[in-house]
Amino acid sequence: MIRKAKAEWRGTGKDGTGGLTSDSGVLSGTPYSFKTRFQGEKGTNPEELIAAAHAGCFTMALAFQLQTAGFTPTLLETEAAVSLDQDGAGFKISKSALTLVAEVPNLDQATFDRLAEAAEKGCPVSKLLNAEITLHKTLKESPAIKIGCAAFAAPRKPGRSSMFRAFACSFA
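The text that follows walks through the structure, step by step, so that each part is easy to find.

A count of helices and strands for the protein gives four helices and eight strands. Along its sequence from the N terminus, the protein presents helices and strands in the succession β-β-β-α-α-β-β-α-α-β-β-β. Across the 172 residues that make up the protein, the buried fraction comes to 29%. Pairs at least 24 residues apart make up 47% of the contacts formed inside the protein by residues separated by at least 6 positions. Total accessible area computed for the protein in this model is approximately 11,500 Å², and 56% of it derives from carbon and sulfur atoms.

It is worth spelling out the nonpolar core at this point. The biggest cluster of nonpolar side chains holds 24 residues, and the ones touching the most others in it are Phe58, Leu62, Leu66, Leu100, Ala102, Val104 and Leu107. For this core, the secondary structure elements donating two or more residues are helix H2 (46–68), strand E4 (75–87), strand E5 (90–103) and helix H3 (109–122). Top contributing element to this core by residue count: H2, with seven residues.

This paragraph deals with the pattern of salt bridges. Inspection of the entire model under this criterion finds five salt bridges. Residue arginine 37 pairs with glutamate 47 through a salt bridge whose shortest N-O separation is 2.4 Å. Here arginine 37 is found in helix H1 (residues 34–38), whereas its partner glutamate 47 is found in helix H2, with 10 residues between them in sequence. The exposure class of arginine 37 is partly exposed, given its relative accessible area of 36%. Across the pair glutamate 103 and lysine 140 runs a salt bridge, and its minimum N-O distance is 3.5 Å. Pair noted here: glutamate 103 is in strand E5 and lysine 140 is in strand E6 (residues 132–140), with a separation of 37 residues, a long-range link. On the basis of relative accessibility, which here comes to 12%, the residue glutamate 103 falls in the buried class. Taking relative accessible area as the criterion, lysine 140 reaches 34% and is therefore assigned partly exposed.

Below, the discussion takes up unusual backbone geometry. The phi dihedral of asparagine 106 falls on the positive side, at around 65°, and the residue is not glycine. Tracing the backbone through its elements, the reader meets asparagine 106 in the loop between E5 and H3. For asparagine 106, a relative accessible area of 62% gives the class exposed.

Below, the discussion takes up the packing of aromatic side chains. The way to describe two aromatic rings as a pair is by their centre distance and the angle between their planes. By the definition in use, this model includes three aromatic pairs. Through successive ring pairs, a cluster of aromatic residues spans Phe34, Phe38 and Phe91.

With respect to the secondary-structure elements, threonine 44 resides in the loop between H1 and H2. When its relative accessible area of 5% is taken as the criterion, threonine 44 is described as buried. A distance of 2.4 Å separates the side chain of threonine 44 from the side chain of glutamate 48, its partner in a polar contact. The residues contacting threonine 44, other than those within four sequence positions of it, are Leu20, Thr30, Pro31, Tyr32, Ser33, Thr36 and Leu49.

By the element assignment, lysine 92 lies in strand E5. On a C-alpha basis, the gap between lysine 92 and asparagine 130 in space is 9.7 Å, while along the polypeptide they are 38 residues apart. Setting aside residues no more than four positions away along its own chain, lysine 92 makes contact with Ser83, Leu84, Asp85 and Asp87.

This brings us to the sheet that holds strand E2 (residues 17–22). Pairing is antiparallel across the open sheet formed by three strands, whose spatial order is E1-E2-E3. Each end of this open sheet is capped by a strand with a single partner; those strands are strand E1 (5–10) and strand E3 (30–33). On average, adjacent strands in this sheet sit at an angle of 30° to one another, irrespective of strand direction. Sheet analysis places E2 next to E3, joined by four bridges and oriented antiparallel. Of the residues in E3, the one forming a bridge with threonine 17 is serine 33.

Rules of the game
Residues numbered from 1 in each chain as written. Predicted model: local features only at pLDDT ≥ 70, side-chain atom pairs only at ≥ 80, totals over all residues. Heavy atoms only, no water. Helix = DSSP H or I, 4+ residues; strand = E, 2+ residues; numbered from the N terminus. Buried < 20%, exposed > 50% of the residue type's maximum accessible area, 1.4 Å probe, protein only. Contact = heavy atoms within 4.5 Å. Areas by Shrake-Rupley, 256 points an atom, 1.4 Å probe, with all protein chains shown as cover. Core = buried A, V, L, I, M, F, W, Y, C linked by side-chain atoms within 4.5 Å. Salt bridge = Lys/Arg side-chain N within 4 Å of Asp/Glu carboxyl O. Phe/Tyr/Trp six-rings, centres within 6.5 Å; stacked < 30°, edge-to-face > 60°. Polar contact = N/O pair within 3.5 Å; in protein donor to acceptor, adjacent residues only side chain to side chain. Pairing = 2+ DSSP bridges. Axes fitted to C-alpha atoms, helices over the stretch in contact; angles between N-to-C directions.

This is the structure in structure tokens:
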């Protein structure tokens, strides 16, 4: 399988502008420039695209790890923070920090950790990056009933979108 994207650039490095186009059409002349990369102007930049690729690849790899192990996630949410650092006269991508929040019913922490770490190691984008990769992972309790425990969910104060969760457990 080969995936392609094209970059077009006009002008100098600092004052020029470009456009990025992918074969799928998701990117179609999407603007990028020195200003979108370093000064927050609207548009994209290579580091943002690498972060999106890493977050997407890792999350999909984890979904397959979970499926193989017999688990179906309710939610997998990953942020990738890519660091661009000075490297002599140029720059390098030195790190990609993955932050994962997952809701997976009936999954224990040890299994979650093992599967998430396997997904990070097996993700093709992780393999491609010649950078430090860190993974911070959080497994949220699923609001399902557990053996010996009951989960209760009630809305928080008006205006808040999250739910308040309380657990009552009995032990024999």
